[in-house]
Structure formats: C-alpha cells, structure tokens
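In case you want the letters, here they are:
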Amino acid sequence: LFPVSNQYLIYASYTIGSSLVFLPLAIYVLVVRSERADYFRYAVPCLIVTAIYLDPTHVTEPMFAGLALAAVLFKRINFKVALSLVLLSLAQLANWAEPLYAMAQMAALTQRGGGIEAASFTLEGAVEAVRFMFERASENRVNLIALGVLAVLWLRRDAFKWPATVSLAGVFVIYLTAVLFPWREIGLGPLGRLSHQYIMLAVAGLLLAPMARAAMVFSPPGGGSEGLGRRMGPILVLALAAGMLVHFKAYNFANLLYHGGQSQYYTVGAAAEDDWRPSEPFRVITLRVRDLGPEPGLAYGFYGHEALDVYLMLEPRERSSFIKSGVMGRNDSSVGTDPRLMVDWSRWRNGKYRGIGEQVSLPLLRVANVGFILSPLPLEEKGVRLIAGPPAPPPTREARSRDLMGYLGHRIGRLFDFNDLYVYALANPYPQVFAPGRIVRVRNGLTETAFIEAVEKAASSPGFPVVAGQAQAETLGRQSPGFRVLEFAKVRDGFTARIQSPDGGIVTVNTVAVPFWKAHADGKPLEIVPVNHIQMAVRVPPGAREVRFQYRRPSVADALRRFAP
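K.L.:
Lay out the overall build of the chain in plain terms, naming residues and giving numbers.
P.N.:
Looking only at helices and strands, one finds 22 helices and 19 strands in the chain. Along the first, second and third principal axes, the C-alpha set of the chain runs to 95 × 75 × 45 Å. Looking at the chain as a whole, 47% of its 565 residues qualify as buried. In the chain, of all internal contacts separated by at least 6 residues, the share reaching a separation of at least 24 is 76%. Each charge sign in the chain was given a centre, from 58 positive and 44 negative side chains, and these centres are 4 Å apart.

See the structure below:
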C-alpha cells in the first residue's frame, strides 16, 4: 500500500519520494528486528543506503520521528535501536555535510533564513499551528486511512489499539513541538523556518503494522469469524491499494497530457536553436502557461539558458526583493519568493498576449541581464522584438469548447513533439560584465522599494548607469572616460575580464554581492561594492589589465582546519 498512498511519491519522487520509500524498510530492519542476534548484519547496510538517500531538508524529520515512534509501537525501546539512530545521524552527516554547511552559511543572507525574530509563545500562534496541521494532514489520504484503522482497532477492543494510537498521534505531537519550539532563543533560528509539515509523512510508514492488525481483526456486522467475513479485512486493504493505484495513475496520465510529457525536454525547437543567440550570454525569463508549458527550469536545465525566474531554495535576499518588489511589483506584491512570470488570461485578446510590460518591469529585466522572453503565446508589446517562433500559436484552453477532438489530438501529439516557443528580444540589456557609464548617487537609508525605483528610473539612460548609496559611490568614484571592458568570460566559480584602464575605472558584474565573492586586479585584491541592488562593482587601479571575480565559500574541510593543531 505504501508506494501508492503518498502524494509525495508522485510529485517529487526523485527527491522526497525516494527518501520516504526507505521509511518502512528502516522501521522493519532497524526497529522490528532489533532483538535478533544478527541485527547489525542487516542494520549496517540499511543505515548506509538510507543515509545516502535521506534528503536532509525534507525527510530527516519524518524518518527519525517514524523510527522513534516505531520503537514505541513495537515495544523495541532498547540500546540497539538507540545506537542505530545515532549511527544513522552520523552517516547522514558524513554524506550531506557539505550542502548542509553551505545552507547554514547562506541562510542568514536570504529572506527565508535571515532576519528571524525571536517569537514568544502565544495562544493565537498555537491555534494557527493546529489549524495548519489539520489542513495539511487532510490533504494526505493516508491520514484518513489511519483514522479508519484506529477506529477498527478500538471497536474490536484489540490490544494493539493503544500502541497504534500513541505512535500515530505522536507524529502530530512531534510536528507541533517542532513548530512551536523557540529555536531562535537557543541560536538555531533557521531551523524554525524548515518545512516541519513533512514530519506528518511519517504516518505512512507507521501505519503498515496497525493496518495489517486491523485487517486481521476486522469483520463486517453479521459477517462471522469464518469464510468471507474473516477475509473481508485483507480484501478491503487490497481493494484500497488497488483503488489508490488506479486513481494516482489516472491522475498522472491526465497531468502527462496537460503538461506535455517529457518531449518538452528535447523537442522545443526555438529553445534549442543557436541562430538567434548572441555571442554574449544573456539571461532569459519564461512566460509560464501551465497547460502550454514550459516551466522556467526547462530553459535553464535542458537548453542551456541562464534563467532569472528559476526558483531557488536559498537565494540572496536582494535577488528575492528585486524580483518581488521590482520586476513583479507592479503586478502582484504578494508573489512571495516565487519568481515565475505567470500568465494572466485577461491579457489574451484576439490571439495575442498584450501588455506584458504592464505586468512586469521591462527596464528592470534589462538591468538584470535578461535579454529574451520565452513565451508559448505570441506577444504584442512595445520594447520587445520577435526573433524566433512557430508559424502559429498552440490551441489554448478555449479551443476545448470549439474543437474538443482537435484539442485532445494536439495534447497527445505534444507527448512526442512539444509546442515551440516564441522568443522575444529586449532592447539593449545590461551585460553580465560591463563598465558602467556613470554612477547615480542616492541618499543612504533608502527603502528597498525606493532604491529599486531609482534603479528602474536610471535604466532609461544610455550607458548602463548603476545606482549606489552615497557611501558606496564614494568608494567607487567616477568612471574614467578611457576605461573599457574589452572582453569577459565565465570561468569556474567566477568571471574574468580583460580591460583597458589607463586612468583606472569601474567594473560591474551582474551578480548579487554576497560575502563569498572576492575580486582581484592583476592579482591585487579589490573592494567589492553592491550596486543596482543585484550587482557588484569594483574600483580598478590605473594600468590594470585583468580583473578576476571568484566565488569562494568556505567548505567543511576549511572549517575543520580551524581545529587542527
């Protein structure tokens, strides 16, 4: 039943789902068998493989909650189980140490992990946590099955009712504890921002034994204890599993038709062609039309276009606010951290998508190095120019009422040859590495919104001007007339730029200035200054010929060296 009972095995099977699959196995090997003499012969391989797959940010909590509560469920609270939990922690830490250390360093620089205030316990907060728990728990069908299983055990007065109730209810107690715990007050504030609701997924692994017991003792009223009545419980469990399997597979197939299947990963002609790409790299942004595709990550991951609108779990807060308050601000200030440009069907009129410049800020897209808009729909907008695309747009949802069979035929055909995209070029986007024409000074202490508005206003001027506060502008000085960026290149973990600098000057990189960036001119260190909210700049001395920017985040090995003699 387990592989067809959990929606996360469907929505995110390559990460969360593959980790969760190990929960029933780990419960059996590490807990149920803990009284066997050959315990560690099987426990050690299980620990190693589980640690490899154990997604630390989503499945660690349900895994350990499930194992601890399984010890209660099966009355296996003993040294072997405790030792296995410790070994699993160490194995997971050894496998995931580097990404966890990276996330810990980045957390304070992000909106999600930074600026965490100490919050005192309130009744309102506790009520909201309980409300959210019931809301999320009801979304997972396996929790509804758990209620039925407990009802059967209690109605049949089975001895397993108490261990099953304590263990399954314990999942939700652990969740509420994790949500309401004052992490900030003990210096672990970012842990409070984790998605603790995943703890509730432990129910799926813990439910298997209570369900088997309920099936054994279940019999319908008047069914008797022999024949069909005795077998009714296992028959219902099998029917339930089969029904859920059919439901999920039908749901998956409908989504396959709706989203277009895997053909979108290799058949989008305009995204794959090189004839419209300039020699200098520019970012792209995608108009996201859920039923016509594609997702922004498609252009980034499968077609080699660096995308501004790819969702990042931990991104610099400046990038988040630039997109939310600036690029998307005129459309919906409540977009949160989701950078995707969603289609607004009210703008679809007479076969054209109109007014995208009213939905997003085209000047700020240019500032962010966005040179192209990828769209499944034809656009009509001043300031963008069509440079590639299909001869006709794909049928939209409104085609269903006019020609249902033709619409369905197109959907099926997309499984093998996905819709082509329209590619629109923005005029004169900022390069990835450039010499700004001038520095626009603004007073210190401006709000993010006011600063980004100043950036948008300055972007209308020629020469790629950059905006900086008074203090940053003093560090950079004025741009020298003879300063030039002759060429630049991406290198591993950074950029290099060959420059012409008779009197010194300013080089700007279209990347957020986080502390892990270092800059050198002909090997001499330079001070990095944030400009334009999402870019970084340096003052280059006279006569310099090459500037190098390198991203160097300390690693776990670097951290350990501090403790070496």
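K.L.:
Lay out the packing of aromatic side chains with the relevant residues and their values.
P.N.:
Per the stated rule, a full pass over the model turns up 14 aromatic pairs. Between Trp276 and Phe372, the aromatic rings sit 4.9 Å apart at their centres with planes inclined by 75°, giving edge-to-face as the arrangement. On the criterion of sequence distance, the pair formed by Trp276 in the loop between α13 (269-272) and β1 (283-288) and Phe372 in strand β5 (residues 370-375) is long-range, its members being 96 residues apart. With a relative accessible area of 9%, Trp276 lands in the buried category. Their ring planes at 90° and their centres at 6.2 Å tell us that Trp345 and Trp348 sit as a pair that is edge-to-face. The exposure class of Trp345 is partly exposed, given its relative accessible area of 25%. In textbook terms, an aromatic cluster arises when at least three aromatic residues are bridged by ring pairs, as seen for Phe495, Phe516, Trp517 and Tyr551.

K.L.:
Any details on the nonpolar core? Residues and values, ideally.
P.N.:
In summary, soluble globular proteins display a tendency toward joint burial of nonpolar side chains. Ranked by internal contacts, the top residues of the largest apolar core, which has 72 residues, are Leu365, Ile373, Val507, Val540, Val547 and Phe549. Counting residues in each nonpolar core, the second largest holds 58 residues, with Val31, Cys46, Ala65 and Leu176 among its members.

K.L.:
An account of the pairing of strand β11 (residues 466-469) is needed here, citing residue identities and associated values.
P.N.:
Taking every second residue as pointing to the same face, both faces of β11 are buried, with Val466 and Ala468 on one and Val467 and Gly469 on the other. The pairing of strand β10 (residues 439-442) with β11 spans 4 bridges and is parallel. Within β11, the residue paired with Val440 across the bridge is Val467. Taken together, β10, helix α20 (residues 448-458) and β11 form a β-α-β motif whose crossover is right-handed.

K.L.:
Which residues make up the side chain of Arg283, and what values go with them?
P.N.:
Note that Arg283 resides in strand β1. Of note is the side chain of Arg283, whose polar atom sits 2.9 Å from the backbone oxygen of Asn510. If sequence neighbours within four positions are ignored, Arg283 has contacts with Glu306, Leu308, Ala368, Asn369, Val370, Gly371, Phe372, Asn510 and Thr511.

K.L.:
A description of the sheet that holds strand β4 (residues 352-354) should follow, citing residues and the corresponding values.
P.N.:
One open sheet holds the 3 strands; their spatial order is β3-β4-β6, and the pairing between them is mixed. Looking at the sheet topology across the chains shown, the edges are occupied by β3 (348-349) and β6 (379-380).

K.L.:
Account for helix α6 (residues 79-107), with residues named and values stated.
P.N.:
Taking 1.5 Å of rise per residue, 29 residues should cover 42 Å, yet α6 covers just 36 Å from first to last C-alpha, more than 12% shy of that figure. Taken residue by residue, α6 has Val81, Ser84, Leu85, Leu88, Gln92, Ala97, Ala102, Gln105, Met106 and Ala107 as its buried positions. Where the residues of α6 are buried, they touch α3 (22-32), α4 (39-53), α5 (60-73), β19 (546-551) and α22 (556-561). Between the side-chain oxygen of the N-cap and the backbone nitrogen of Lys80 there are 3.2 Å, and the N-cap of α6 in question is Asn78.

K.L.:
Any chance you could break down the environment of Ala159 for me, citing the residues and the numbers?
P.N.:
The residue Ala159 is located in the loop between α8 (141-155) and α9 (161-180) in this model. Residue Ala159 is classed as exposed on the basis of its relative accessible area, which comes to 69%. On a C-alpha basis, the gap between Ala159 and Met216 in space is 13 Å, while along the polypeptide they are 57 residues apart.

K.L.:
Account for the packing of helix α15 (residues 317-327) against α20, with residues named and values stated.
P.N.:
Relative to each other, α15 and α20 sit at 75°, their axes nearing to 10 Å. Considering their axes alone, α15 and α20 lie roughly perpendicular with respect to each other. Listed contacts from α20 to Ser321, Phe322, Ser325 and Gly326 of α15 are Glu448, Thr449 and Ile452.

K.L.:
Explain the sheet that holds strand β7 (residues 384-388) to me, and be specific about the residues and the numbers.
P.N.:
What the 5 strands build is an open sheet, ordered β2-β1-β5-β8-β7; its pairing is mixed. The sheet terminates laterally at β2 (341-342) and β7, the two strands that pair on one side only. For β5 and strand β8 (residues 422-426), the ladder comprises 4 bridges, and the chain directions are antiparallel. Bridging from a neighbouring strand, Ile373 pairs with Tyr424 of β8.

K.L.:
I'd like a rundown of the side chain of Asp291, residues and numbers included.
P.N.:
Tracing the chain through its elements places Asp291 in the loop between β1 and α14 (296-301). According to the relative accessible area criterion, Asp291 is buried, its value standing at 1%. Here Asp291 is in contact with Tyr258, Trp345, Arg397, Tyr407, Arg411 and Arg414, once residues within four sequence places are set aside.

K.L.:
Give me the pattern of salt bridges: which residues, what numbers.
P.N.:
Side-chain pairs of opposite charge can arise where the charged atoms are in close proximity. Here the structure, examined in full by the defined rule, presents 23 salt bridges. Its salt-bridge partner being Arg411, residue Asp291 comes within 3.3 Å of it at the nearest N-O pair. Pair noted here: Asp291 is in the loop between β1 and α14 and Arg411 is in helix α19 (residues 404-414), with a separation of 120 residues, a long-range link. Each member of the pair, Asp291 as well as Arg411, carries the same accessibility label: buried. For Glu358, the salt bridge goes to Arg347, with nearest N and O atoms at 3.4 Å. Taken together, the residues Glu358 in helix α16 (residues 356-359) and Arg347 in the loop between β2 and β3 connect sequence positions 11 residues apart. A relative accessible area of 56% means that Glu358 is categorised as exposed. Residues joined in a network through salt bridges with shared partners are Arg33, Arg36 and Asp38.

Reading guide: rules and limits
Residues numbered from 1 in each chain as written. Predicted model: local features only at pLDDT ≥ 70, side-chain atom pairs only at ≥ 80, totals over all residues. Heavy atoms only, no water. Helix = DSSP H or I, 4+ residues; strand = E, 2+ residues; numbered from the N terminus. Buried < 20%, exposed > 50% of the residue type's maximum accessible area, 1.4 Å probe, protein only. Contact = heavy atoms within 4.5 Å. Lys, Arg positive; Asp, Glu negative; His and termini not counted. Charge placed at Lys NZ, Arg CZ, Asp CG, Glu CD. Phe/Tyr/Trp six-rings, centres within 6.5 Å; stacked < 30°, edge-to-face > 60°. Core = buried A, V, L, I, M, F, W, Y, C linked by side-chain atoms within 4.5 Å. Pairing = 2+ DSSP bridges. Right-handed = clockwise from strand over helix to strand, strands pointing away. Polar contact = N/O pair within 3.5 Å; in protein donor to acceptor, adjacent residues only side chain to side chain. Expected span 1.5 Å × (residues − 1). Axes fitted to C-alpha atoms, helices over the stretch in contact; angles between N-to-C directions. Parallel < 35°, antiparallel > 145°, perpendicular 65-115°, else oblique. Salt bridge = Lys/Arg side-chain N within 4 Å of Asp/Glu carboxyl O.

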